[in-house]
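Next come the chains, spelled out residue by residue.
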Amino acid sequence: QTSIDLDDDAPQNQIELHIVDQLRAMGFTDLQEIMSGLRSIQRTNVESGIGIDAYGMAEQIMMHIVTDREEREEAKKMDQARILSEAERLRDGQRRRSRRNGNHDIDCDNDGGDGDDSDIVHYSMEDMIGLTQDDGVEGKSSCFPQSELLANPSVAGILR
């Protein structure tokens, strides 16, 4: 087995330089990304004992780069989803504390009264229909305090 210097971010020979040129011609311009892919593929091929030509190596590196980019993008989306979920959890906790403190004047659309109800999806069912509070006291809809339908005991019983 040959030893591969995994820290080297520059082509070490003419074959590697040719592979870098091929990948740049395909639109991959980040040398560090190319070399990282090259070293990873070399390591895999050395460990498995597979020999491969420059064209095949370029194809494998291209797939490695694309897969790595997709994984990073997916990880970024997951991080954003976790952040949004945490923010939603915090907002829910604030609304519950507000309800327990007797403040039922929650602006459910968060629009300051401009009529845009697009943010109502961020409120819990408890806030929207006024489910029973933790202390057993019947809640009043924070989002629709004037609703006669939600105030109707029969309807409220079905929803609760």
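Scroll up to find the structure.
Residues numbered from 1 in each chain as written. Predicted model: local features only at pLDDT ≥ 70, side-chain atom pairs only at ≥ 80, totals over all residues. Heavy atoms only, no water.

(A) Expanded view of the overall build of the protein. Looking only at helices and strands, one finds 6 helices and 0 strands in the protein. Mapped from its N terminus to its C terminus, the protein presents α and β elements in the order α-α-α-α-α-α. Here the protein holds 160 residues, and the buried ones make up 29% of them. Surface summary for the protein: the accessible area is close to 10,700 Å², and the carbon and sulfur share equals 52%. (Helix = DSSP H or I, 4+ residues; strand = E, 2+ residues; numbered from the N terminus. Buried < 20%, exposed > 50% of the residue type's maximum accessible area, 1.4 Å probe, protein only. Areas by Shrake-Rupley, 256 points an atom, 1.4 Å probe, with all protein chains shown as cover.)

(B) Quick peek at the nonpolar core. I19, L23, F28, I34, L38, M57 and I61 are the most contacted members of the largest nonpolar core, which totals 13 residues. Only helix 1 (14-25), helix 2 (31-48) and helix 3 (54-100) provide two or more residues apiece to this core. Ranked by residue count, the leading element in this core is helix 3, at 5 residues. The contact partners of I34, leaving out residues within four places of it in the chain, are V20, L23, R24, F28, I61 and I65. (Core = buried A, V, L, I, M, F, W, Y, C linked by side-chain atoms within 4.5 Å. Contact = heavy atoms within 4.5 Å.)

(C) Representation of the packing of helix 1 against helix 3 in the model. Direction vectors running N to C along helix 1 and helix 3 enclose 50°, while the axes themselves pass 9 Å from each other. Classified by the angle between their axes, helix 1 and helix 3 sit oblique to one another. Both helix 1 and helix 3 take part in a crossing whose hand is right-handed. Residues I15, H18, I19, Q22 and L23 of helix 1 form the contact with helix 3, whose own contacting residues are A54, Y55, M57, A58, I61 and M62. Grouping the amino acids of the contact of helix 1 with helix 3 by side-chain chemistry returns 9 nonpolar, 2 polar and no charged. (Axes fitted to C-alpha atoms, helices over the stretch in contact; angles between N-to-C directions. Parallel < 35°, antiparallel > 145°, perpendicular 65-115°, else oblique. Left-handed = near helix turned anticlockwise from the far one by under 90°. Nonpolar A, V, L, I, M, F, W, Y, C, P; charged D, E, K, R; others polar.)

(D) Quick look at the pattern of salt bridges. Across all of its chains, the model carries 7 salt bridges by this definition. For D68, the salt bridge is made with R72, and the minimal N-O distance between the two is 2.4 Å. Pair noted here: D68 and R72 are both in helix 3, with a separation of 4 residues, about one helical turn. Exposure remark for D68: the relative accessible area of 28% places this residue in the partly exposed category. When its relative accessible area of 46% is taken as the criterion, R72 is described as partly exposed. (Salt bridge = Lys/Arg side-chain N within 4 Å of Asp/Glu carboxyl O.)

(E) Spotlight on the side chain of R39. Following the sequence through the fold, R39 ends up in helix 2. According to the relative accessible area criterion, R39 is buried, its value standing at 2%. Within polar-contact distance, the side chain of R39 engages the backbone oxygen of A10 at 3.2 Å. Within polar-contact distance, the side chain of R39 engages the side chain of Q42 at 2.9 Å. (Polar contact = N/O pair within 3.5 Å; in protein donor to acceptor, adjacent residues only side chain to side chain.)

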